[in-house]
Amino acid sequence: MTLQSVVVDLATRNVKSVPTEELVVSSKNTGTFLRGQGFFSSAFTITNEHGTFLLGLDAHYQRLLQSYERLYQRRDFPITYKEFCEYIDVAIEKNKTANEHEQRLHCSIFCLAGPGRVHQTDLGPYSNGYGSDVSTFIVSMNTLASKPDWCYSTGIHALSTPYQRPHASAKPSQYWGGI
């Protein structure tokens with residue numbers, strides 16, 4: 001079964017569906033690749049008697065708002081909550097077959113920065129790679145691997161280090177544990 005991801009061009013609001021394994025991000029998105037201005041949230045779907053939905057929908061939108069504000073120092077996030085919900089619903093609907101098999105899906109939600117702005121000066125155009133804005137919104141859908149039984153019977157032991165925070169104030173796509 002081929003899972004579908006949803007890609008939204010925020011300039012045109014064009015929404016397209018792409019097989020997840022064919023999902024690519026252009027290296028022209030220098031704001032994401034070079035400047036680290038792309039950010040994400042990671043979620044999963046639940047299917048029950050009420051249908052299929054993204055768990056913690058509101059919290060994931062809030063995380064995107066917080067990341068945007070932290071990375072861009074602005075509050076004019078280019079996606080409304082209503083649009084966010086619509087894009088998530090499109091991604092869930094495109095993967096209805098997986099949902100019918102009661103598969104939980106891992107959903108990575110990306111906000112990618114586009115190319116740096118070109119500034120027009122008296123001497124001609126100038127670009128330094130800065131000044132990009134969020135240009136692409138992606139809802140990437142993959143199967144969610146279940147943890148093995150030994151995780152629950154034996155447990156997992158983890159080592160914490162003092163500089164790690166329980167929740168990152170922003171989750172850039174070049175994520176290093178929220179550091």
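On a predicted model such as this, the values are computed, not experimentally measured, just so you know.

Analysis parameters
Throughout this document, residue positions are counted from 1 along each chain, in the order its sequence is written. Selection of residues for local features in this predicted model requires a pLDDT of at least 70, selection of side-chain atom pairs for listing and counting requires 80 or more, and totals for whole chains, interfaces and linings are taken over all residues. Side-chain numbers here rest on the full set of heavy atoms in the structure, without hydrogens or water. Numbering of helices and strands runs from the N terminus; a helix is a DSSP stretch of H or I covering at least four residues, while a strand is a stretch of E covering at least two. Partly exposed describes any residue whose relative accessible area lies between the buried limit of under 20% and the exposed limit of over 50%, with all areas from a 1.4 Å probe on protein chains only and scaled to the type maximum. Within 3.5 Å is the distance limit for a polar contact, defined as a pair of N or O atoms, with the added protein rule that one can donate a hydrogen and the other accept it, and that residues adjacent in sequence qualify only through two side-chain atoms. When DSSP finds at least two bridges between two strands, those strands are taken to pair. Axes, fitted as lines to C-alpha atoms, cover a helix only where it is in contact. Angles between the N-to-C directions of the axes lie from 0 to 180 degrees. We call two residues in contact when some of their heavy atoms are within 4.5 Å.

Draft legend 1. Examining the environment of threonine 12 more closely. Relative to the helices and strands, threonine 12 is located in the loop between β1 (4-9) and β2 (14-19). Overall, threonine 12 belongs to the exposed group, its relative accessible area being 54%. Residues threonine 12 and serine 135, spaced 123 residues apart in sequence, show a C-alpha to C-alpha distance of 9.6 Å. A polar side-chain atom of threonine 12 sits 3.1 Å from the main-chain amide nitrogen of asparagine 14.

Draft legend 2. Structural detail: the sheet that holds β2. Across the sheet, 6 strands lie side by side as β2-β1-β8-β5-β3-β4; this open sheet has antiparallel pairing. The open sheet terminates on both sides in strands that have one partner only, identified here as β2 and β4 (51-54). For this sheet, the mean angle separating the axes of adjacent strands, direction not counted, is 20°. Summarising the sheet, β1 and strand β8 (residues 134-143) pair through 4 bridges and their orientation is antiparallel. Paired with aspartate 9 across the bridge in β8 is threonine 136. Of the strands in this sheet, β3 (39-48), β4, β5 (105-113) and β8 are in contact with helix α2 (residues 57-72), which crosses β3 at around 175°. Strands β1, β2, β3, β4, β5 and β8 of the sheet are contacted by helix α3 (residues 81-94), whose axis makes an angle of about 35° with β8.

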